[in-house]
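# Inside the fold
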Amino acid sequence: QVQLVESGGGLVQAGGSLRLSCAASGRTFSSYGMGWFRQAPGKEREFVAAISWRDSTYYADSVKGRLTISRDNAKNTVFLQMNSLKPEDTAVYYCAAGTIGRWYVRQGYDYWGQGTQVTVSS
């Protein structure tokens, strides 16, 4: 069982930056692939970024060059550095953990956090 707790969300102006963190419980964090998804009001939850257990990274086209995913296995934490934020990045951001390597879809993840709100004002 893995428990995930996100933090770091907030209100920021367009062009600003935020850094999200996701702290995981358990002693097998390094064997999980980790992902970030987001869900805006009235929209489906969508893939944002993922990092494999071998540190390979994957990004949605809409965030490439602006968002960076990383992990610190010693701290059981995954990060999402968000730069050059746009109003369309406004959403609840969810952290997820999985082991089957299907990075881009919700079905590829077994555990989910409760989410953290990111609001980007224009």
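See the structure shown above.
First, a word on what this report is: a plain description of the structure on this page. (Residues numbered from 1 in each chain as written. Predicted model: local features only at pLDDT ≥ 70, side-chain atom pairs only at ≥ 80, totals over all residues. Heavy atoms only, no water.)

## Concerning the state of the cysteines
A covalent bond between the sulfur atoms of two cysteines is referred to as a disulfide. The condition is simple: Here, the term disulfide refers to a pair of cysteine sulfur atoms separated by no more than 2.5 Å. Secondary structure is summarised from DSSP: a helix means a run of H or I of at least four residues, a strand means a run of E of at least two, and numbering begins at the N terminus for each. With a 1.4 Å probe rolled over the protein chains alone, any residue whose accessible area is under 20% of its type maximum counts as buried; one over 50% counts as exposed, and the rest are partly exposed.
Here the structure, examined in full by the defined rule, presents one disulfide. For Cys22, the disulfide goes to Cys95, at an S-S distance of 2.1 Å. Taking the sign of the S-S torsion, -80° for the link of Cys22 and Cys95, the bridge is left-handed. Of the two residues, Cys22 is situated in strand β3 (residues 18-24) and Cys95 in strand β9 (residues 91-98); the sequence distance between them amounts to 73 residues. Classification of Cys22 as buried rests on a relative accessible area of 0%. Classification of Cys95 as buried rests on a relative accessible area of 0%.

## Topic: the side chain of Ser21
Put simply, the test is: What makes two residues a contact is simply this: any of their non-hydrogen atoms within 4.5 Å.
You can see Ser21 is positioned in strand β3. Here Ser21 falls in the buried class, since its relative accessible area comes to 19%. Dropping the residues within four chain positions of it, Ser21 is found in contact with Val5, Glu6, Ser7, Trp36, Thr77, Val78 and Phe79.

## Things to note about the environment of Ser121
By the secondary structure assignment, Ser121 is in strand β11 (residues 116-121). Judged by its relative accessible area of 28%, Ser121 falls in the partly exposed class. Expressed as a C-alpha distance, the spacing of Ser121 and Cys95, which sit 26 residues apart in the sequence, is 23 Å. If near-sequence neighbours (up to four positions away) are discounted, Ser121 is found in contact with Leu11, Val12, Gln13 and Ala14.

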